[in-house]
Every structure is written in structure tokens, then in C-alpha cells.
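# Survey of secondary and tertiary structure
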Amino acid sequence: MELIFWWMIPAALLLGAGTYWLARKREQGRQAALRPVAHGHRLTELPEYQAAVRRHRRWLTVAAIAGGVLMAAALVAAARPAGRSTISPEQRNRDIILCLDASGSMSSADAAVVEVFARLAQGFDGERLGLTVFDSSAVQVFPLTDDYDFVQEQLQAAREAFDGAPGSAGFLDGTWNGAGSSLIGDGLASCVQGFPATDGGGADGSGGSEERSRSVVLATDNFVSGEPIFTLTEAAALARKKDVRVYALNPGDFDYGTDPDQPGAELRAAAEGTGGAYYPLDSPDAVADIIRKVQSTEATAFTAAPKAVVSDRAEIPLGIALVSGLVLAGATWRLRS
Amino acid sequence: MSSLLTRVKSKMSIFAHRKARGMLDGEYGSVFKGRSLDFDDLRAYLPGDEVRDIDWKASARHGSPLIKRYVAVRRQTVLLVTDTGRNMAASSLGGEAKKDVAVMALGVVGYLAHRHGDVVGLVCGDEAESRSLPAKAGEAHLERLLRAVNDSTALTSPRSSIGEQLSYVARNFGQRMLLFVVADEVVPDAGMERVLRRLRAQHEVLWLTVRDAQLAGAGPAGLQPARTEAAGAQTAGPPADRYDVADAGLLPGRLAASDTVIRAYAAAQEQRDAARESVLRRLGIAHVQAGSSHDVMPAVFTLLERHRRGK
């Protein structure tokens, strides 16, 4: 506890003393205005009058005490009592874009991946999530947001689409506009472009974008059919340049041997090249594990510096002032009546 | 310097116009029992004259009542006795200082005496000392007496004690006189009653009480009709704060404004008035009270009337 405007107290005491002195001076002058009467004892000796005087004195005492307490409490409140405490806020300033390959080769695993994404979104607090779906062209389902209700809603729609529920086919509209199918490099590049600008004073103008970590969770089997504008390697280089980590999930790694041209090995090289990781998976149930791992590594990377917080603690003096003010009002009313 | 006596005379002339002219003189002339037997002349009857002074034969011849006048063998002496302690500087029932009412009453009686050809003296004082001014004739002397009373009464004077002045008179004056006592609302105790009885045996005594300011509530209703406008001014607005001249103690008007206090004060005052009245009646002293200088003329008239009847 400390007082921010501590000088308020000596100033108020000086002011109070001055007012008291002035009031005393004027009180002495007032005596002349009173009417002199004789035989005052004929009134003061009446028991009824003495009872009235006692009553009056009691209320005067109450009013004086209440007034004093009110002034003292108001003075303390005016001096701004404040509590100083040190907190180290847990900062979860992560931007995560879920990047989902919606090609035919992924159709068996997509629903499960979306379900894991949905569970992931439930556990988040402070992170911003985005979802981009791609096949031959990429569609941003929703940009980075921390409106988790909306995220859940969209993921639910995605799940229904991948499950083939009636009336949900429109969800994947726009992913077949390019030539070919499963253009992984283009999809990753689109996802990487989905982050706000990284340069100082970037597009969002807040300047806070640099401090946020950027991750892309790329769920794909890396089976390319067609001619992408970006190859996977080029997209990975773009991600590295933008300081985005790519976490690759491969639900169907069918590599044999150590040939670096195989799809799984290529994806691993791309992911690890950005500082991310590659997870070849045979069972979609393991996706949760991986996402948790991603989350935990990210969380340790962002611990905020301890911060001193000063907060006003005026509620107690103000409460006392309120109560004594009410008492004073009551006593004054009694004295006036 | 405005003359105190001028104020008295103007007040008297207003009153004399209201009542029959000369009536007061008739009342005053009847105060004394003592008369010489030397017939002087006849004059027309004035209301207030003794009926036994009417010369019935002369009246029958003349057609209207005539009064026998006798030669006044000696001058009567009127002694004004009053209190100049600080109580008299306090406010009266009507709101003015009590000494103003007292000066008016003393002036009226003194001037009546002067017109009657009597000499007027003064005994005044307070708790600490009493002093006397010798009885002399003349308006200048009367003015001096009134001024002495007016000037020596102040809030800084010693406390009041009319008993002191009465004992002073009893100790120092052997000659038979008319005593006109002006005091505030005192309640005579046993000692004062003894002194009064002693004085009453020797002198004619008239007593005028100046009413004190009402300490709780407005004045009692129907006490003096002449005071209504002053009382009205008093009841309007918040109750005034007062202080006691005895010890400068503050008497907040608000405290005395409650009904119970007003009732208790009124009861106590009634008791005090009754006690004073009964003591004075027992002693055969004519008594009247005045709340303001407007009340003085009718009060003095009533006083003289009462004294004549009481004889």
C-alpha cells in the first residue's frame, strides 16, 4: 500500500487548520449579533430543556464524528492509495494457420484431422487461428481470429463437408480452379501469405505482429499431380524468409528406403528447413499428440517479462466515506428538525 | 442629543389624545391620601378624580360636576426606584432593551409628578452598589434622572438585584414618599417581602414589571394587544439564538423550539408570575407589567387606577 498523491495530506491538513481558524474568528464576531436576554437559567434549569440539550449534543457528536471520518476518508481517497504488485502474465501470442490438403488422396484422413483441429481450438486462449483449405487452388476459409465460437462453427462445417453430409458440398468450392490437383507448394505458399505483414509498421499497423510466432500446421500426403507455381521447396524457402515454422502432418507416409526424392522425405526436408518438424503418421488418432507437442514447444518459447502493476485501492476509503456521509446526512436532518 | 424626556412627553401626548385629556393627571392626583383641609377653588370634574371630592352643591348650581381643590400644603416626593444592572440591558418581551421600557415608565410617572408640582428623586443601582439622586423639581432634573438610568445600564454592568435598592431605600429614607419601582420579572423572596412590607408601612408603593424576552416559543397569547406586531415578527422565521447576560451562555433558539420545552417554560413562567402577583397583592402593592414602551402608557394608567381602587 502506498499513496500516490501523498502531498495531498499535509496540504489538506493546512487547509483544514486555516478553515478552522477562520471559522473561530467569525464565530467570535457572531456573538455581537445574538440577542442578550436575562434570566437564562429559567430556561436552562428546565429538565425538558436539559433533555433537549442532551439530545442535541448527542446528535452533534454523531455529526462531528461522521463529518471528521468523512473528511479523513475522502482525503485518503484523494491521496490515491495504490497497491503495487509484480505479475508475469502468460502470453500466448501465437498465430496458427491450419493448412489442410483437401485432395482426393487425403479424403480418408481429413475428417479426423479437422476433428483434432476442433479439439485444439477448444483448448486455446489468446492464440489466433486461421484455416486454409487447398487442392489445386487455396481457399481461405477464415483468416486469423480469436473468435473461438466462430472457429468451432467453421470447423464443424468442415467436418460435415469431409464426412460428405448432404448440403455441405459448397464448403470446398473454389479449390479446383487451377490446373491439376494437390498442388502442395502453392497451398503452403498461400497459407504463409495468410499471415499479416511482418515488416515494422506493417499492414495491421499495430507493430505487434513481429512479436507473435507464426506456425503453419500443414496436413498433407505430398502427392502432387500437376504443375504448381511454387514447388514445395520454394514455398518452404518463402516460409523461412517470413519466419514461419511449418509443422507437417503426413497421414499416409508410404516412403521406402532413403531416396530423397520420395514425397515423405521431401516434405520432411521442407518442414525441418523452416525450423518446424515432420510427423509421418499412420493413424489419425496420433494427430492430437503432435498438436499438443507443437503447442508445448511454442508456449515455452514465449514467456513474458515480469511486470510491475500499480492499481488504485480507493474502494475502502470511499466506502467509509459513503457510510459516514449517510450518517452525517441523517444527523444533520435530526439537528435541523 | 435627543432628550429622553421629549420621547416620554410625545408618547404621553399620543396617549392623552386617545383617552380623555387630563385623565392621567386626575388619576395621579388621587394617588395621595394626604390632603390639606384648606379649600382653594373649584374646577371641572375630570374622569379619574375622586368622587368624594365632588362639591355636590356647587355642581347642582353649576349644572356639571365640580371638584373641590385644596391648597397643597406640602410637596409630595416621588422616588423612582429602578435596577441598572445588566439584566435591564437585555431584551424585553417586545424586543427592545428593557432599560428603554424602564426609562419610558419612569419618565411618564416622573413627568406626571412634575406637572402635579411634586419633586422627583431616584434610587438606582445593581448588585454591587446603589446610588441615589436627590428629589428636586423641574424638567431638567427629570431629564438628568432618566439619563442616569439610561447611561448606567449596560451589558457590562454588574448583575441586577432590585432587593439591594429596596433595602437601600428602607435604610436611607425616613420621609413619607411615593415609591415607583420598575424592575424586571423578579420573584420576591422572603427577605425582599420583609423589606417591602417595611416600605409599604411607610410609603405608597407602585410596582411596574418590565416583561422579559420569551426564552421558549412566542409570547403568551393575548397578554398585551399593543405588542402583537412585535410578537408576529418574533414568531416568523427561525427561532433566534440568544445568550444569557449573566454568564454569556449561548441559548440556541432551535433547542427551545420544541413543544415540550415551550409548554414547560410557559408553565414555569405562569407559576413565577402568580408568585410575584400574590406576594405584591398580599402586601397591598399595586402592580402592573409592560412588555414594550408601547405598553407603558396604558400600564401606568392601569397602575394608578388599581392603586386608587386598592386604597
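Residues numbered from 1 in each chain as written. Chains lettered and ligands numbered in written order. Predicted model: local features only at pLDDT ≥ 70, side-chain atom pairs only at ≥ 80, totals over all residues. Heavy atoms only, no water.

## Section: the state of the cysteines
Residues and elements named next belong to chain A. Put simply, the rule is: Disulfide assignment relies on a single distance test, namely cysteine sulfur atoms paired within 2.5 Å. In DSSP terms, a helix is any run of H or I states spanning at least four residues, a strand is any run of E spanning at least two, and both are numbered starting from the N terminus.
Scanning the model with the defined rule gives one disulfide over all chains in all. The disulfide bridge from C99 ends at C191, spanning 2.0 Å between sulfur atoms. Across the S-S bond of C99 and C191 the torsion is about 80 degrees, and the bridge reads as right-handed. Here C99, found in strand β4 (residues 94-101), pairs with C191, found in helix α6 (residues 184-193); they are 92 residues apart in sequence, far enough to count as distant.

## A few points about the nonpolar core
Residues and elements named next belong to chain B. Stated formally: The term nonpolar core refers to a set of buried residues drawn from Ala, Val, Leu, Ile, Met, Phe, Trp, Tyr and Cys, joined through side-chain atoms within 4.5 Å. Partly exposed describes any residue whose relative accessible area lies between the buried limit of under 20% and the exposed limit of over 50%, with all areas from a 1.4 Å probe on protein chains only and scaled to the type maximum. Any two residues having at least one pair of non-hydrogen atoms within 4.5 Å are treated as being in contact.
If you look at the biggest cluster of nonpolar residues, it comprises 44 residues, and the most contacted ones within it are L80, V108, F180 and L208. The dominant element in this core, judged by the number of residues it contributes, is helix α4 (residues 98-116), at 11 residues. Setting aside chain neighbours within four positions, we find V108 in contact with V8, M12, V296, M297 and V300.

## Let's talk about the packing of α4(B) against helix α10 (residues 293-310) of chain B
Residue and element names in this part refer to chain B. The line we're drawing: Geometry is summarised by axes, namely lines fitted to C-alpha atoms with helices restricted to the contacting stretch, and by angles between N-to-C directions that run from 0 to 180 degrees. When an angle is under 35 degrees it counts as roughly parallel; over 145 it counts as roughly antiparallel; between 65 and 115 it counts as roughly perpendicular; any other value is oblique. Should the near helix be turned anticlockwise from the far one by less than a right angle, the crossing is termed left-handed; should it be turned clockwise, right-handed. The residue classification treats Ala, Val, Leu, Ile, Met, Phe, Trp, Tyr, Cys and Pro as nonpolar and Asp, Glu, Lys and Arg as charged. All others, Gly included, are polar.
The contact between α4 and α10 brings their axes to 9 Å, and the two run at 45 degrees. The angle between the axes of α4 and α10 places the two elements in the oblique class. The element α4 and its partner α10 pack so that their crossing is right-handed. Residue-level inspection shows V101, M104, A105, V108, V109 and L112 of α4 in contact with α10, the latter providing S293, V296, M297, V300 and L304. In terms of residue class, the contact of α4 with α10 is built from 10 nonpolar, one polar and no charged.

## Section: the pattern of salt bridges
Our working rule: When a carboxyl oxygen of Asp or Glu is within 4 Å of a side-chain nitrogen of Lys or Arg, the pair counts as a salt bridge.
This structure, assessed with the given rule, holds 16 salt bridges over all chains. Among the ionic pairs, R197(B) bridges to E193(B), the shortest N-O distance being 3.5 Å. Here E193(B) and R197(B) lie together in helix α7 (residues 190-202), a separation of four residues that amounts to about one turn. Note on R197(B): relative accessible area 44%, which makes it partly exposed. Among the residues examined, E193(B) registers a relative accessible area of 13% and is labelled buried. Salt-bridge contacts for R276(B) lead to D273(B); the nearest nitrogen and oxygen are separated by 2.8 Å. Taken as a pair, R276(B) and D273(B) lie in helix α9 (residues 259-283) at a separation of three residues, close to a single helical turn. Like R276(B), the residue D273(B) is buried in the burial classification. Connected through shared salt-bridge partners, R42(A), E185(B), R211(B), D273(B) and R276(B) make up one network.

## Notes on the environment of D189(B)
Residue and element names in this part refer to chain B. Here is the rule: Pairs of N or O atoms within 3.5 Å make up the polar contacts considered here, provided that, within protein, one atom can donate a hydrogen while the other can accept it, and that residues adjacent in sequence are counted only when both atoms are side-chain atoms.
One can find D189 in the loop between β6 (178-183) and α7. For the pair formed by D189 and G163, sequence separation is 26 residues and the distance between their alpha carbons is 9.2 Å. Only 3.0 Å separates the side chain of D189 from the backbone nitrogen of M192, close enough to count as a polar contact.

## A word on the interface of chain B and chain A
Worth spelling out the cut-off: Throughout, buried area stands for the accessible area (probe radius 1.4 Å) lost by two parts on being put together, summed over both.
At the junction of the two partners, chain B supplies 35 residues and chain A supplies 21 residues. For the chain B and chain A pair, buried surface summed over both sides reaches about 2400 Å², with 61% attributable to carbon and sulfur atoms. On the chain B side of the contact with chain A, Y243(B), R254(B) and L255(B) bury the most area, a combined 25% of that side's loss. Taken together, the links from chain B to chain A amount to one salt bridge. As a salt-bridge pair, R42(A) and E185(B) come within 3.9 Å of each other at their nearest N and O atoms. Taken together, the connections running from chain B to chain A amount to eight residue pairs in polar contact (both at pLDDT 80 or more).

## A short note on a negative patch on the surface
Note the threshold: Like charges within 9 Å and nonpolar side chains (Val, Leu, Ile, Met, Phe, Trp, Tyr) within 5 Å are joined into patches, using only residues over 30% in relative accessible area that form no salt bridge. The Shrake-Rupley method, run with a 1.4 Å probe sphere, supplies the accessible areas, and residue values consider only the shown protein chains as cover. Positive residues here are Lys and Arg, negative ones are Asp and Glu, while His and the chain termini are left out of the count. Here the site of a charge means NZ on Lys, CZ on Arg, CG on Asp, or CD on Glu.
The grouping of D146(A), D147(A), D149(A) and E153(A) at the surface amounts to a negative patch. Locating D146(A) in the fold gives a position in the loop between β6 (138-145) and α5 (148-163).

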